Amino acid sequence: MSLISLNNLSIAFGGPKLLDAANLQIESADRVCLLGRNGAGKSTLLRVINGELPADEGDIIRRQGVKTALVPQEFPADWAGTVDNFLRQTSPDDVTLAQVVSQLELDPDAELQALSGGIKRRVLLAAALSHDPDLLLLDEPTNHLDIAAIQWLEDFLLRLRKTLIFISHDRVFVSKLATRVVEVDRGHLHDYRCDYDQFLHRREDVLNAENKEWARFDQKLAEEEIWIRKGIKARRTRNMGRVRDLLKLREERRRRRDRTGQVKLQLGTGQRSGQMVMEAEQLSFAYDDKTIITNLDLRIMRGDRIGLIGPNGSGKTTLLKLLTEELQPTGGKLRHGTNLQIAYFDQLREQLDEERSVKQNIADDHDQVLINGQSRHIYGYLQDFLFTPDRARTPVKVLSGGEKNRLLLAKLFTRPANLLILDEPTNDLDMETLDLLEELLLDYQGTVLLVSHDRSFLNNVVTSSLIFDGSGTVEEIIGGYDDWQRQQQENIKPVEKKEKSKPVRKERPRRLSFKEKRELAELPKRIEQLETEQAELHKSMADPNIYQQGDGAKITGLQERLQAVENELESSYQRWEELEQIAE
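Thresholds applied
- Residues numbered from 1 in each chain as written.
- Predicted model: local features only at pLDDT ≥ 70, side-chain atom pairs only at ≥ 80, totals over all residues.
- Heavy atoms only, no water.
- Helix = DSSP H or I, 4+ residues; strand = E, 2+ residues; numbered from the N terminus.
- Buried < 20%, exposed > 50% of the residue type's maximum accessible area, 1.4 Å probe, protein only.
- Contact = heavy atoms within 4.5 Å.
- Areas by Shrake-Rupley, 256 points an atom, 1.4 Å probe, with all protein chains shown as cover.
- Pairing = 2+ DSSP bridges.
- Axes fitted to C-alpha atoms, helices over the stretch in contact; angles between N-to-C directions.
- 1 Å grid on protein atoms, 1.4 Å probe; cavity = no way out; pocket = protein on both sides within 12 Å on 5 of 7 lines; lining within 4 Å.
- Points joined across faces, edges and corners; volume = space filled by probe spheres on them.
- Nonpolar A, V, L, I, M, F, W, Y, C, P; charged D, E, K, R; others polar.
- Parallel < 35°, antiparallel > 145°, perpendicular 65-115°, else oblique.
- Left-handed = near helix turned anticlockwise from the far one by under 90°.
- Arc of directions from axis to C-beta.

Engineer: Honestly, the overall build of the protein chain in this entry has me stumped. Any pointers?
Structural biologist: Check the secondary structure of the protein chain and you find 19 helices and 20 strands. Taken across its 584 residues, the protein chain has 49% of its residues classed as buried. The contacts in the protein chain between residues at least 6 apart in sequence include a share of 68% that link residues at least 24 apart. Accessible surface, the protein chain as shown: approximately 29900 Å² in total, 46% of it carbon and sulfur.

Engineer: What should I look at first to understand the sheet that holds strand β3 (residues 31-35) in this one?
Structural biologist: The strands making up a sheet associate through hydrogen bonds between their backbones, and the pairing can be parallel or antiparallel. If you trace the six strands from one edge of the open sheet to the other, you get β5-β6-β7-β3-β8-β9, paired in mixed fashion. Looking at the sheet topology across the chains shown, the edges are occupied by β5 (68-71) and β9 (188-192). Across this sheet, the average inter-strand angle for adjacent strands is 20°, counted without regard to direction. As judged from the four bridges shared by β5 and strand β6 (residues 135-139), these two strands associate in the parallel manner. Bridging from a neighbouring strand, V71 pairs with L138 of β6. Strands β5 and β6 of the sheet are contacted by helix α4 (residues 117-129), whose axis makes an angle of about 170° with β5.

Engineer: How should the environment of G307 be read in this particular structure?
Structural biologist: When you line up the elements, G307 lands in strand β12 (residues 305-309). Sequence separation between G307 and F457 is 150 residues; the distance between their C-alpha atoms is 9.7 Å. Leaving out residues up to four positions away in the same chain, G307 has contacts with L450, L458, V462, S464, S465 and L466.

Engineer: Explanation requested: empty space enclosed by the protein in the structure shown.
Structural biologist: Think of a ball as big as a water molecule: rolled over the atoms, this probe shows where empty space is left. Scanning the model with the defined rule gives four cavities of 30 Å³ or more in all. Its volume calculated, the largest cavity comes out at about 170 Å³. Classifying every residue of the lining of the largest cavity by side-chain character gives four nonpolar, seven polar and five charged. The calculated volume of the second largest cavity comes to roughly 50 Å³.

Engineer: Can you walk me through the packing of helix α2 (residues 83-90) against α4 in this structure?
Structural biologist: Geometry of a packed helix pair, given as the angle between the helix axes and the separation of the axes. Relative orientation of the contacting elements α2 and α4 amounts to 30°, with a least axis distance of 9 Å. Considering their axes alone, α2 and α4 lie roughly parallel with respect to each other. Crossing angle aside, the handedness with which α2 passes α4 is right-handed. Counted together, V83, F86, L87 and T90 of α2 and V123, L124, A126 and A127 of α4 form the full contact between these two elements. Looking at the contact of α2 with α4 residue by residue, the classes come out as seven nonpolar, one polar and no charged.

Engineer: Please explain unusual backbone geometry as it appears in this structure.
Structural biologist: A negative phi angle is the norm for most residues apart from glycine, just as the trans form is the norm for most peptide bonds. Despite not being glycine, E105 shows a phi value in the positive range, around 55°. With respect to the element layout, E105 can be found in the loop between α3 (94-103) and α4. In this structure E105 comes out as exposed when scored by relative accessible area, which is 58%. Here the phi dihedral of R161 falls at roughly 55°; this positive angle occurs in a residue that is not glycine. Following the sequence through the fold, R161 ends up in the loop between α5 (147-160) and β7 (163-167). By relative accessible area, which is 76% here, R161 ends up exposed.

Engineer: Just to check I follow, could you spell out α3 for this structure?
Structural biologist: Because the α-helix completes a turn every 3.6 residues, residues three or four places apart line up on one side. Along α3, the positions that sit buried rather than exposed are T96, L97, V100 and V101. The buried residues of α3 occupy one face: seen down the axis, they fall within an arc of 135°. Across α3 from its buried face, at more than 90 degrees, point the exposed residues V95, Q99 and S102. Where the residues of α3 are buried, they touch α2 and α4.

In structure tokens:
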């Protein structure tokens with residue numbers, strides 16, 4: 001018997017149903033990742049499973065004696081006191097609590113407010129594990145954790161050997177942990193009993209099949225609509241059955257829940273900056289006798305995409321503020337290049353006014369906004385970032401974390417910039433938006449400075465990285481996170497840049513863009529069409545009658561078309577091979 005079974009579960013909060021007759025079975029030892037767009041209902045589902053939230057319809061069947069525990073995404077706002085005091089309020093068993101505190105390497109006397117994000121996450125995990133749950137539920141457990149804390153959590157959960165349901169948009173974390181992927185999509189739960197990498201391929205097949213089915217349905221509906229408009233003859237008694245079928249088709253189309261659209265990201269590069277964007281010589285910063293940055297030599301050139309990697313509190317955000325002159329260094333020099341236009345994504349979202357509406361945060365009380373030199377209506381622009389007109393009129397304080405990050409990107413992209421500074425832009429963003437942001441940055445012609453704890457994002461985007469060790473020392477390496485790890489494992493000293501010289505660029509293996517993925521999916525069909533036409537042309541030209549007719553123009557036309565088809569066929573095969581090699 002399953003640990004927990006959801007049967008025809010439905011729940012809504014005034015709008016479309018977050019869960020619509022959803023079904024799911026959780027088996028012992030499963031590690032299930034819940035995926036889906038921001039606002040799809042993933043956190044709601046965890047709360048329903050944990051018994052915190054009743055469903056509107058349907059049943060939850062639990063194996064007798066099954067215990068669940070939820071590790072929430074957010075820390076309590078009123079946290080105070082010691083770790084021990086907090087855990088004793090939540091744990092019914094002192095012996096179990098002592099074991100968990102030891103297992104998670106916690107200091108029971110530590111003050112909660114003084115803890116790092118990673119240790120706070122351990123405290124929440126300890127509170128859940130102290131109940132010895134059969135099923136552990138985790139809502140975005142990696143959010144705001146640095147890479148070391150994420151890796152510790154990965155290893156701990158793998159050793160824990162408990163049944164897990166977790167929500168995460170960290171692709172490396174999901175790849176390492178998930179044995180099953182369940183996608184929450186338009187109220188339904190799609191269960192892929194496979195790991196994350198297999199899920200990506202299977203989901204693509206499912207979406208392609210859905211697109212084809214919808215295309216056939218829409219074509220039939222269009223044909224029937226044409227038929228009904230032909231006149232009174234279509235509505236005679238002998239055709240009423242067809243009329244009733246049309247009404248059913250209309251109702252089915254009305255009930256269809258289209259997929260949430262993709263975010264449309266566009267960023268104007270503005271004026272071309274100088275070849276040298278920034279140069280720091282012996283740059284240092286300290287306060288209260290604590291060294292944050294010490295003697296940093298750095299030259300940033302136009303087109304660089306630099307990742308900043310290191311533990312929380314190691315000085316990454318401080319360096320960004322020094323480079324943008326928001327902070328003044330306590331030692332050394334900083335020089336900016338010419339024509340510099342900076343856009344700054346702030347991880348604390350301080351550029352957003354929580355009390356004002358989404359629309360007002362972008363355009364005040366105006367109806368138009370200037371994007372890439374062209375005027376656009378504010379509601380049309382916000383729809384590019386998945387904000388409906390109704391959502392655009394709501395105050396920012398009611399938005400989810402993912403919506404706030406999308407709004408900050410929307411605000412950032414209203415002004416042209418040739419230097420893009422992104423401090424933790426990936427928090428709370430769903431995977432589809434992450435993919436689009438990656439593609440935007442890869443195509444961006446300006447310069448990028450990027451702070452992120454998303455290892456996959458760093459690997460896919462940056463050309464070089466600054467490594468912070470927490471002591472004030474910053475070292476530069478070529479490549480992303482995996483390149484840094486490889487250098488550490490091989491005990492190779494990071495490549496040092498020559499004085500005032502641009503670092504040697506390392507070619508990064510690139511991924512297929514969304515356009516290329518579609519092209520790769522469509523190429524086999526196109527090749528099949530060309531081969532069919534090629535065979536028909538050969539057949540026509542092998543017919544003696546065509547030469548007996550003496551129609552020279554027709555013969556020439558067939559020969560020219562055959563040559564064109566063969567040329568396109570050759571280039572299609574070549575393109576298919578190129579895309580397949582990138583995809584491998």
